[in-house]
Amino acid sequence: MEAFLTNCCRTVKAGLDQAGPQVHVVLGNEACDVDSMVSALVYAYFLHKTIGGETVHIPLLNIRQSDLVLRSDNVFLLRQTGLSPDLLVFRDQMDLRALQQTGRLRLTLVDHNVLPSSDRDLEGAVVEVMDHHLLERDPSSCSITVETVGSCCTLVAERVLQKGPEVLDQQLAQLLYAAVLLDCVNMAPAAGKVTPKDSQIAAALEMRFPGLPQRGALFQALQKAKFDVTGLTTQQMLLKDMKAVSGSLSLVISVLYIPLEDFLRPSDVEDELSAFCRQLGLDLLVLMTISFTDAQQPVRELAVFSHSATCRDQLSQHLEQAQNPGLNLVPLSSPHPHITAYHQGNTLASRKKVLPLVKDFLQEEDGGGRCGDIEEDSRVPPTPMNSLVDGCPLDGGLPSISAQALQEKFSKMADRPDL
């Protein structure tokens, strides 16, 4: 893998705007979470090793190089598997449109199946899609593998195991294994993420590579890294995992991986939030926190910030009264006058579930405008799509399997009794 990535970097730095072979870019989504990053890296390497020929295969991380620091779990996994972040190719290092104009660009999308509006002009270059989200594109537009499993890396690993198992080594297996564990919350049924196929792939990797890190220890290390905000500024914490939407009002929902009390403790936090809102032109800022008890049970909290008491109170009331889903918000005391804080009793109500509630509020503010009038804002980096706050395809529940069958299946696969 190191030699492959080194050659990719060398090729990109040498320039791709001149005449040359086809360039097949494996492009992850704009969130660039662990699942997206590993899917791009492993699938591009798989194509390189199995297809060969003159085509250049390049895994492309769909963020700026400077944003990688915000993906602390990505950086941790790279270092754990012996890969330097300096070997990666980022979106701001490669001109896809220049390649397309020369007719040399081929695109495979992993961990997403439609290009954002800002990249819609690249659609003609898409030749393949591999994703675990709901299909949003014409099924006949290209080769498509879409299945709502817990992790896109489950589908990548399945392809590699079926079509080129000789490509897998300990390093690649650990990358895939880590992504599946993280997305599927350590394969725990109670989290509502894991599917039978995810479990089968994890077990297959464990069987082929018995030297993989112990399941529980690896997940805990990744989770700790994911939530590690050590050294990040307030602005970086807000940017780390955020989603922006706008109508007549503009707002952001930022995910914080620390208890709300800890985030609100600094006396100047309101000044920091005000500066952040001014910089992005925001009327409202919604903070969703997720932290864990010693027993690894999730704790969710929510806060609304705005200097406009009317905006803050109206959104807060809308969320308090929400029924689909009900958030079970319990007011918390806030040391800051422009912040309304809550404990969120419904720990299953992820940002994926809260976002439609916020959009409903914006539509009401716009006088009941059509759903299409409320847009997700592309000015800011999007959230990792499979974070614990964003939810998953199985939020509605697991497949119809008996509790006893599930218990037996997972007891055989778990390395520790608390998994």
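Going by the structure above, here's the rest.
Residues numbered from 1 in each chain as written. Predicted model: local features only at pLDDT ≥ 70, side-chain atom pairs only at ≥ 80, totals over all residues. Heavy atoms only, no water.

**Q** Before we go on, may I ask you to explain the packing of aromatic side chains in this structure?
**A** Within a pair of aromatic rings, the relevant descriptors are the distance that separates the centres and the angle that separates the planes. Per the counting criterion, the structure on display carries 4 aromatic pairs. Ring geometry for Tyr-43 against Phe-46: centres 5.7 Å apart, planes inclined by 25 degrees, an arrangement best described as stacked. One end of the pair is Tyr-43 and the other is Phe-46, both in helix 2 (residues 34–51) and 3 residues apart, which spans about a single turn. This pair shows no difference in class: Tyr-43 is buried, exactly as Phe-46 is. Between Phe-227 and Tyr-257, the ring centres sit 4.7 Å apart and the planes meet at 25 degrees, which makes this aromatic pair stacked. A residue pair is termed long-range when its members are at least 10 positions apart, and Phe-227 in the loop between helix 8 (215–226) and helix 9 (234–240) and Tyr-257 in the loop between strand 7 (250–256) and helix 10 (260–264) qualify at 30 residues. A single burial state applies to Phe-227 and to Tyr-257, both of which are buried. In textbook terms, an aromatic cluster arises when at least three aromatic residues are bridged by ring pairs, as seen for Phe-227, Tyr-257 and Phe-292. (Phe/Tyr/Trp six-rings, centres within 6.5 Å; stacked < 30°, edge-to-face > 60°. Helix = DSSP H or I, 4+ residues; strand = E, 2+ residues; numbered from the N terminus. Buried < 20%, exposed > 50% of the residue type's maximum accessible area, 1.4 Å probe, protein only.)

**Q** Would you take a moment to explain the environment of Pro-266 for this structure?
**A** Note that Pro-266 resides in the loop between helix 10 and helix 11 (269–280). Expressed as a C-alpha distance, the spacing of Pro-266 and Pro-335, which sit 69 residues apart in the sequence, is 10.0 Å.

**Q** When you look at the sheet that holds strand 4 (residues 126–131) in this model, what are you seeing that I'm missing?
**A** Hydrogen bonds between backbone atoms are what pair the strands of a sheet, whose relative direction is either parallel or antiparallel. With respect to topology, 5 strands assemble into an open sheet ordered 2-1-3-4-5, the strand pairing being parallel. Each end of this open sheet is capped by a strand with a single partner; those strands are strand 2 (56–60) and strand 5 (143–146). With strand direction ignored, the average angle separating the axes of adjacent strands in the sheet is 15 degrees. Strand contacts of helix 2: strand 1 (23–27), strand 2, strand 3 (105–110) and strand 4, with the helix running at about 170 degrees to strand 2, the strand carrying the most contacts. Sheet strands in contact with helix 5 (residues 152–163) are strand 3, strand 4 and strand 5, and its direction is about 115 degrees off that of strand 4. (Pairing = 2+ DSSP bridges. Axes fitted to C-alpha atoms, helices over the stretch in contact; angles between N-to-C directions. Contact = heavy atoms within 4.5 Å.)

**Q** It is not clear to me how helix 12 (residues 309–321) should be interpreted in this structure. Could you clarify?
**A** A turn of α-helix holds 3.6 residues, and therefore any two residues three or four places apart point the same way. A rise of 1.5 Å per residue sets the reference length of helix 12, with its 13 residues, at 18 Å; its end C-alpha atoms lie 18 Å apart and thus fit the reference within 8%. Among all positions in helix 12, only Cys-311, Arg-312, Leu-315, Ser-316, His-318 and Leu-319 are buried. Looking straight down helix 12, one finds its buried side chains confined to an arc of 160 degrees; they lie on one side. Those residues of helix 12 that are buried lie in contact with strand 7, strand 8 (284–292), strand 9 (298–305), strand 10 (329–332), strand 11 (339–344) and helix 13 (351–365). (Expected span 1.5 Å × (residues − 1). Arc of directions from axis to C-beta.)

**Q** Would you mind showing me how to read the pairing of strand 11 here?
**A** The side chains of a regular strand alternate between the sheet's two faces. Direction of pairing for strand 9 relative to strand 11: antiparallel, over a ladder of 6 bridges. Counted as the bridge partner of Ala-303 is Ala-341 from strand 11. Alignment of strand 10 against strand 11, held across 4 bridges, turns out to be antiparallel. Residue Leu-329 lies in a different strand from strand 11, and its bridge partner there is Gln-344. Where strand 10 folds back onto strand 11 in an antiparallel hairpin, the turn is made up of 6 residues.

**Q** Would you mind showing me how to read the nonpolar core here?
**A** Across soluble globular proteins, you tend to see nonpolar side chains buried next to one another. Counting 82 residues, the largest nonpolar core has Val-25, Val-38, Ile-58, Met-94 and Leu-176 as the members making the most contacts within it. Tallying contributions element by element places helix 2 first for this core, with 11 residues. Each residue touching Leu-176, except ones within four places of it in the same chain, is listed here: Val-38, Val-42, Cys-153, Val-156, Ala-157, Leu-168 and Leu-205. Val-229, Cys-277, Phe-305 and Ile-339 belong to the second-largest nonpolar core, a separate cluster that totals 26 residues. (Core = buried A, V, L, I, M, F, W, Y, C linked by side-chain atoms within 4.5 Å.)

**Q** Can you walk me through unusual backbone geometry in this structure?
**A** Residues apart from glycine generally show negative phi values, whereas peptide bonds are mostly found in trans. Following Asn-324, the chain continues to Pro-325 via a peptide bond in cis, the omega torsion being 5 degrees. Non-glycine residue Cys-32 carries a positive phi angle of around 55 degrees. Within the secondary structure, Cys-32 is located in the loop between strand 1 and helix 2. Relative accessible area serves as the criterion here: at 2%, Cys-32 is assigned to the buried category. Backbone geometry places Asp-111, a non-glycine residue, at a positive phi of 65 degrees. Within the element layout of this structure, Asp-111 appears in the loop between strand 3 and strand 4.

**Q** What should I look at first to understand helix 11 in this one?
**A** Across its 12 residues, helix 11 extends 17 Å between first and last C-alpha, which sits within 8% of the 16 Å expected from 1.5 Å per residue. All of the buried residues in helix 11 are Val-269, Glu-270, Leu-273, Ser-274, Phe-276, Cys-277 and Leu-280. Each buried residue of helix 11 sits inside an arc of 160 degrees when the element is viewed along its axis, so together they form one side. Residues Asp-271, Arg-278 and Gln-279 are exposed on helix 11 and point more than 90 degrees away from its buried face. Tucked inside the fold, the buried residues of helix 11 contact helix 9, strand 6 (242–246), helix 10, strand 8, strand 9 and strand 11. Of the residues trailing helix 11, Gly-281 is marked for its positive phi of about 65 degrees.

These results come straight from atomic positions and should not be treated as a statement about function.
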